[in-house]
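# Residue-level structural notes
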There are 2 protein chains.
Amino acid sequence: MEPNIPFSNDIQTVFTHDPPGQWLSKLPAGCIRLNSGYPAPSLVPSQELKAAAARLLDEEGDKPLQYIGSPRTPALAAYIQTRMAERDMAVPGDELLVTSGACQAIDLAARVLLDKEAVVAIESPTYMEALEIFQNYTEQFVTVPVDEYGMRTDMLEQQLAERRRDGRPLPRILYTIPTFQNPTGTTLSAERRQHILALAAEYDFLVVEDDAYGELAFGDTPATLKAMDSANRVFYIGSLSKTVAPGMRIGWVAAPESAITVMSWLKKDLGHPFGQALMAAYLETAAFGDRVRRLSDAYHSKRDAMLAALAAHLPESASWYVPEGGYFVWVNIPGIDAAKLLPEAMEAGVAFVPGQYFFLDRESGAGCLRLSFSYESEEQIAEGIRILGAAVTKALGK
Amino acid sequence: MEPNIPFSNDIQTVFTHDPPGQWLSKLPAGCIRLNSGYPAPSLVPSQELKAAAARLLDEEGDKPLQYIGSPRTPALAAYIQTRMAERDMAVPGDELLVTSGACQAIDLAARVLLDKEAVVAIESPTYMEALEIFQNYTEQFVTVPVDEYGMRTDMLEQQLAERRRDGRPLPRILYTIPTFQNPTGTTLSAERRQHILALAAEYDFLVVEDDAYGELAFGDTPATLKAMDSANRVFYIGSLSKTVAPGMRIGWVAAPESAITVMSWLKKDLGHPFGQALMAAYLETAAFGDRVRRLSDAYHSKRDAMLAALAAHLPESASWYVPEGGYFVWVNIPGIDAAKLLPEAMEAGVAFVPGQYFFLDRESGAGCLRLSFSYESEEQIAEGIRILGAAVTKALGK
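Residue positions are counted from 1 within each chain, in the order its sequence is given. Note on labels: chains are lettered from A, ligands numbered from 1, in written order. Only residues with pLDDT of at least 70 are given local features in this predicted model, and only at 80 or more are side-chain atom pairs given and counted; all residues enter the totals for whole chains, interfaces and linings.

## So, the overall build of chain A
In terms of regular secondary structure, chain A is built from twelve helices and 14 strands. Taking 21 Å as the expected radius of gyration for a compact globule of 398 residues, we find that chain A reaches 21 Å, a close match to that expectation. Based on the C-alpha atoms only, the size of chain A along its principal axes is roughly 65 × 60 × 55 Å. Residue burial here comes from a neighbour count, namely the number of other C-beta atoms, placed from the backbone, that lie within 10 Å of the residue's own C-beta, with 20 or more meaning buried, 12 or fewer meaning exposed, and in between meaning partly exposed. Counting only residues that meet the buried cut, chain A has 52% of its 398 residues in that class. Going along the chain from the N terminus, every DSSP run of H or I of four or more residues is numbered as a helix, and every run of E of two or more is numbered as a strand. Between the two quantities, the radius of gyration covers C-alpha atoms and the globule rule is 2.2 Å times the number of residues to the power 0.38.

If you want it as structure tokens, here you go:
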């Protein structure tokens, strides 16, 4: 029996959009997972985490298993501060909150800043989970196209100017993944980064910078928006999901102190002492800088394997951006409907994420696919692209 | 520099009440912790969890460290279902959500059900974290006194009848800790439990039942509200914090399917795969039923140590409820101001939680103290109460 549930007026927008996708859990066995934004199994440090857990529990006993008390919980925050400082983002402790992954950080930022009156500016396409999070709070969006140099900031400026001229509400926040963007793999140019910060000052909005992939660079990358931000307008979101393990759920947000304070009041999972202390114990012996370089080399090689296979197996008409880091290649194949192609491709043995999932209207991007080179081996990547190429040829021939 | 932060209109109530207390982190070294709602260090299974982590990571490799994929994540939910069914609460999988502790479950229930128009009925006194959570959503409360048999449901009914008669809004939810209540240690009688469910039907409200301490019974206890609820009006909140370890952050909520669905959409920490899989691995060899009996016996003995010390060291005028389970003794000492007594007691070497913290107005309960017998050894409990008795005598003599 289901009683009448008196749902809150403050969450009514959650009922106006589709729930998050569940396709990952429906993959047939043996299907090559070019859909997954997962780290490669061989690069997940499971044995090192086993050793760290043993050391932590032998040294500390019950401390990391109580609500508070492990010295390694503050040590994790301090480690994140150090790593940020090495990347020219020095933040004091009261401007940092460790979260359960980047996703919770995005949600907390949205929760403290958004309501149904708020306008959010986003890249189009953008990270589908972030899109869904923002849609839980508002239905008002400004969408900004992405090209090979990242967000088209000229088109952002044009929309802002039009809104100001017409007296329409301006965005409260701009959400961006400037480096190795999800899903396009593109990196925002240094000039456009400056442009965003100038627009933020001129139009008085905050910037939520999602840097989940920023450590995994195959070459040089521009400074983060946070590092360039002298006005403290940037909420910087980081994550150890891509560099250590997503299942540990360690991310963070660095933001002005008043926002961090309110986010910490609203975050009611009580901080996950064991997970945080375990991550700190792992980092003590991880040689993280070396690890990141090793991971970047491995993903660089996987990217090359994917690009070679794409060139070999996709039709001439297909094109893609060459990512300089991160996990993803964004492929455009004129004439296909990616959402319709997916079931056929999965039956043939390969999965991807259809472009439509990354757009607000769920209709744009039909000719696009997000392919991940992170999870599968180079051999499986090549085989997956071969299967995909055959499925595409078949679809285009229909 | 701090820019202007455009805080959401939906969280304005967070600014109208005091932030959560931080006194736990300010305890002087060596202070006897009769304040802490922590399990006894010797009863926290740190070595068993170390073994479970090793087994999990050896058997599963990267699986529990990815976003999803460990077979032990669904196994944890299934275990919780089994344990609930053993306590006459059979719930299907789509009516259960594993959370990061009971606190996150309370927050999710509040988030899907409350807004500033909502009225919440609470016990007075009640769990201070729950109070703070509800105050993040609304300022409208119905407070119901507690006596030695738990919530005074006659006084709840009286207030409901008055509100209906006067055309004032009725509560959307009633939050209760019916068994070994925090902070009073009292247990709601079976008759009052029936009364609550009858009132819920008559006045159309939902019941949020917090059963964090329910497993730790020194003798028989009444059936849970969830077990008695044929109308599916009860959101049942459980926890492994008190029976395994709070730092693992494993709790859950069982509720009507539509509410569980929306809670899962709003819960953006992505489920903590490693923590959940580790708990499942631990439970495989924990003999949980035996463990709960062993814990209950240990806390029973600690309670007796505390009651004996109270009888020996507190003035004649002091009184307390005898808890039949859980972690807490609620002591009333006419003539003292507990909040003022605390710094003096801490300086003398013992900490407690002043009664005022558990009341909405933060003024009632001045003569009351919440004493926890869970954390310290029996010797330390006796010593702590001796110190407390001396501090009370001194305060009353002034």
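## A look at the interface of chain A and chain B
Once C-beta atoms have been placed from the backbone, residue pairs whose C-beta atoms lie within 7 Å are recorded as contacts. Listed by partner, the interface residues are 68 residues for chain A and 68 residues for chain B. Secondary-structure elements contributing two or more residues to the side of chain A that touches chain B are α1 (46–60), α3 (101–113), α8 (257–266) and α9 (273–286) of chain A.

## Things to note about the pairing of strand β14 (residues 368–372) of chain B
Each regular strand carries side chains that alternate between the two faces of the sheet. All names here are of chain B. Across the five residues of β14, five count as buried, placing the element largely inside the fold. Here β14 shows no split at all, with Cys368, Arg370 and Ser372 on one side and Leu369 and Leu371 on the other all buried. Here the rule is simple: two strands pair whenever DSSP picks up at least two bridges between them. In terms of strand pairing, strand β11 (residues 328–332) meets β14 through five bridges, oriented antiparallel. Looking across to β14, one finds that tryptophan 330 is bridged to arginine 370. As defined by bridge partners, strand β13 (residues 353–354) adjoins β14 across two bridges and the pair is classed as antiparallel. When the sheet's bridge partners are listed, proline 354 is paired in β14 with leucine 369.

## Structural notes on the relation of the copies chain A and chain B
Copies overlap after least-squares fitting; the atoms used are the C-alpha atoms of residues with pLDDT of at least 70 in both. Each copy of the sequence occupies a distinct position, and chain A is placed on chain B by a rotation of 180° and an axial shift of 0.0 Å, giving an RMSD of 0.0 Å. The relationship between the two copies is best expressed as a two-fold rotation axis. No C-alpha of chain A approaches the rotation axis more nearly than that of Asp10(A), which lies at 3.2 Å. Comparing interface residues between copies, 100% of those in chain A also sit at the interface in chain B, which points to an isologous, same-surface contact.

## Focus: the nonpolar core
The biggest cluster of nonpolar side chains holds 237 residues, and the ones touching the most others in it are Phe235(A), Val253(A), Phe235(B) and Val253(B). Once residues within four sequence positions are removed from consideration, Phe235(B) is found in contact with Ala109(B), Leu206(B), Val207(B), Val208(B), Glu209(B), Val253(B), Ala255(B) and Ala259(B). Joining buried Ala, Val, Leu, Ile, Met, Phe, Trp, Tyr and Cys residues through C-beta atoms within 7 Å gives a set, and that set is a nonpolar core.

## Some details on the sheet that holds strand β10 (residues 319–320) of chain B
If you walk across this open sheet you meet the four strands as β10-β11-β14-β13 (chain B), and the pairing is antiparallel. The open sheet has two edge strands with one neighbour each: β10 and β13 of chain B.

## Some remarks on the sheet that holds strand β8 (residues 234–239) of chain A
Residues and elements named next belong to chain A. The strand order across the open sheet formed by eight strands is β2-β9-β8-β7-β6-β3-β4-β5, and the pairing between neighbours is mixed. Looking at the sheet topology across the chains shown, the edges are occupied by β2 (96–99) and β5 (150–151). In this sheet, strand β7 (residues 206–210) lies alongside strand β6 (residues 173–176) in parallel orientation, the contact comprising four bridges. Bridge pairing in β7 links threonine 176 to glutamate 209. Running over the sheet, helix α5 (residues 153–166) touches β3 (119–124), β4 (140–147) and β5 and is turned about 155° from β4. Whenever a helix is involved, its axis is fitted only over the stretch in contact; in every case the axis is a line through C-alpha atoms, and angles between N-to-C directions fall within 0 to 180 degrees.

## Comments concerning the domain arrangement of chain A
Residues and elements named next belong to chain A. If you check the domain split of chain A, you get domain 1 (16–37 + 290–397) and domain 2 (46–286). Between the C-alpha centres of domain 1 and domain 2 there is a distance of 25 Å. On the side of domain 2, 30 residues touch domain 1, which itself brings 27 residues to the contact. Contributing elements (two or more residues each) for the side of domain 1 that touches domain 2: α10 (288–313) and β11 (328–332). Source of the domain bounds: an automatic or database domain assignment.

## Details of α10(A)
Residue and element names in this part refer to chain A. In a helix, the anticipated span is given by 1.5 Å times the number of residues less one. Relative to the 38 Å expected for 26 residues at 1.5 Å per residue, α10 spans 37 Å between its end C-alpha atoms, a close match to the ideal helical length. Of all the positions in α10, only Tyr299, Lys302, Arg303, Met306, Ala309 and Leu310 are classed as buried. Buried positions along α10 lie against β10 (319–320), β11, β14 (368–372) and α12 (378–397).

## Things to note about the packing of helix α2 (residues 72–86) of chain B against helix α9 (residues 273–286) of chain B
Residue and element names in this part refer to chain B. α9 packs onto α2 with a crossing angle of 60° between their chain directions and a minimal axis gap of 8 Å. Considering the angle they form, α2 stands oblique to α9. Seen from above, α2 lies across α9 with left-handed handedness. From α2, Arg72, Thr73, Ala75, Leu76 and Tyr79 reach across to α9, where they touch Pro273, Gln276, Ala277, Met279, Ala280, Ala281 and Leu283. Every angle not falling under 35 degrees, over 145, or within 65 to 115 is termed oblique; those three ranges are roughly parallel, roughly antiparallel and roughly perpendicular. Definitions for this section: a left-handed crossing has its near helix turned counterclockwise from the far helix by less than a right angle. A right-handed crossing has that turn clockwise.

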